[in-house]
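A structural walkthrough
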Amino acid sequence: MNAVLPHPSGTASTTNASVLARLLALQRPLVMGILNVTPDSFSDGGAFLSSDAAVAHAEQMITEGADIIDIGGESTRPSPNRVAVSADEELRRLEFVLPAAGRLGRPVSIDTMKATIAAWALDHGAAIVNDVWGLQRDPEMADVVARYRVPVIIMHNRDVVDARIDIMADIAAFFERSLAIAARAGIARDLIVLDPGIGFGKTAEQSMTAIARLDRLKTFGLPLLVGASRKRLINAVVPTPPDQRLGGSIAAHLLAAERGATIIRAHDVAATVQALRVMAAIEATA
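The following refers to the structure shown. Everything numeric here is computed off the predicted structure, so don't read it as measured data. (Residues numbered from 1 in each chain as written. Predicted model: local features only at pLDDT ≥ 70, side-chain atom pairs only at ≥ 80, totals over all residues. Heavy atoms only, no water.)

Counting across every chain of the model gives eleven salt bridges. Between D70 and R265 there is a salt bridge, and its shortest N-O distance comes to 2.8 Å. Taken together, the positions of D70 in strand β2 (residues 68–72) and R265 in strand β8 (residues 261–266) put the pair 195 residues apart, joining distant regions of the chain. One salt bridge in this structure joins R158 and D170, with 3.1 Å as the shortest N-O distance. One end of the pair, R158, is in the loop between β5 (152–155) and α8 (167–185); the other, D170, is in helix α8, with twelve residues separating them in the sequence. Each of D70, D111 and R265 takes part in one network of salt bridges that share partners. (Salt bridge = Lys/Arg side-chain N within 4 Å of Asp/Glu carboxyl O. Helix = DSSP H or I, 4+ residues; strand = E, 2+ residues; numbered from the N terminus.)

Here it is in C-alpha cells:
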C-alpha cells in the first residue's frame, strides 16, 4: 500500500464535516451498526469476510435503522492473542466493502488504528474516523483527521489492565491528552466524539463503572459513544458466549443512553433500535 497520505478535496471535506452535525440534529440516541470484515473479531469474526455478505449485512443494518455503519478490517479486540494486520492486508479486506457501503445512503465510519488506512477510507466513501487509541497510537492520525476535516471518535484504551486504578480518572486524563493532540493538529472540537472504551484495558467491573458513571464525562461538553455490545462485562454477570449476550447488551446500552450516550455501537441493530425507541416512548409519557 502506498504510504503517502493524499490531500483531501474541499467538497468531500465540507460534506464530511457536516455529517456529525446532521446526525446530532436528530436529537435522539444514534445507533452505529458494526461491520467487521475480519476473521478474528471476538463475536462475529469470519461472518462477513465475503464482500457480498459484508455489503448485504450493511444493507440489512440500514434497513433495521442503523444511523452509521462502522467498518473495520483489523480486529481491535483487547486480547494477548490478537494478531496485528499489515496495512496491505487491512486494505485488501476493505477495498471493495467500504466503497460499496458508502453508497448505501448512511454515513460510514472507518474503525482503524492506522492513519494511512483512515486516509484511504476517507477518499473512498468513509465520513468518520473511529480510532480505538484516541489519536495516541499512530502519530499521523490526528493530522489526517485535521486535513480531511472529518468527525473523529476518540476512544479510551490502555495497554495493561490495572484493577487498582480509578478508571474514571484514567479515562478523563486520557481524553485530556487526546484533546490536546487534536487541538494541536487543528481538529475542530465540534467534530469530536468521546468513547470510554468498554472492554478495552479494563476489568469487567471497570467497564461497568464506566457505564454507571458515564454522566461524569459530560463535563467535556462532547457527544459520548458507548459500545458494550456482546462485551465481557456481560459474561462476568451471566456467563454466556458472545452471540448469546443480546439481553445484557440491551441493558448496558439503555443505561448508557439514560446517562448521556449519544451514539450506541451495536452488533444487533434491530433489537437496539427497538429498545431505544420504546424507552423514549415510555419516557415521553412520564
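Time to look at unusual backbone geometry. Of note in the backbone geometry, L135 takes a positive phi value of approximately 70° without being a glycine. Phi at R230 is positive, roughly 60°, even though this residue is not glycine. Following the sequence through the fold, R230 ends up in the loop between β7 (224–226) and α10 (232–237). With relative accessibility at 13%, the residue R230 sits in the buried group. (Buried < 20%, exposed > 50% of the residue type's maximum accessible area, 1.4 Å probe, protein only.)

This part covers α8. Taking 1.5 Å per residue as the helical rise, α8 with its 19 residues ought to reach 27 Å, and the 27 Å between its terminal C-alpha atoms agrees with that figure. Here α8 has its buried residues at I167, M168, I171, F174, F175, S178, L179 and A182. Projected down its long axis, α8 carries its buried residues within an arc of 135°, all on one side. Along α8, the residues that are exposed and aim more than 90 degrees away from the buried face are A183 and R184. Structurally, α8 contributes buried residues whose contacts are with β5, β6 (192–195) and α9 (204–212). One or two positions beyond α8, positive phi appears at G186, with a value near 95°. (Expected span 1.5 Å × (residues − 1). Arc of directions from axis to C-beta. Contact = heavy atoms within 4.5 Å.)

Moving on, we get to the packing of α8 against α9. Contact geometry for α8 and α9: axes closest at 9 Å, N-to-C directions at 70°. Taken together, α8 and α9 sit at an angle that is classed as roughly perpendicular. In this structure, the crossing between α8 and α9 has a hand that is right-handed. For the pair α8 and α9, the contacting residues are I167, M168 and I171 in the first and Q206, T209 and A210 in the second. Taken together, the residues that form the contact of α8 with α9 break down as four nonpolar, two polar and no charged. (Axes fitted to C-alpha atoms, helices over the stretch in contact; angles between N-to-C directions. Parallel < 35°, antiparallel > 145°, perpendicular 65-115°, else oblique. Left-handed = near helix turned anticlockwise from the far one by under 90°. Nonpolar A, V, L, I, M, F, W, Y, C, P; charged D, E, K, R; others polar.)

Mapped onto the elements, Q206 comes out in helix α9. Taking the relative accessible area as the measure of exposure, Q206 reaches 5% and is therefore buried. There is a polar contact of 2.8 Å between the side chain of Q206 and the backbone oxygen of D162. In contact with Q206, not counting residues within four places along its chain, are V161, D162, A163, I165, I167 and G201. (Polar contact = N/O pair within 3.5 Å; in protein donor to acceptor, adjacent residues only side chain to side chain.)

By the secondary structure assignment, V238 is in the loop between α10 and α11 (246–258). We classify V238 as partly exposed; its relative accessible area is 48%. Measuring from C-alpha to C-alpha, the distance between V238 and G248 comes to 8.4 Å, with ten residues separating the pair along the chain.

Of all hydrophobic cores here, the largest spans 68 residues; its most connected members are I69, I71, V129, L135, I187 and I192. L23, L30, A127 and I263 belong to the second-largest nonpolar core, a separate cluster that totals twelve residues. (Core = buried A, V, L, I, M, F, W, Y, C linked by side-chain atoms within 4.5 Å.)

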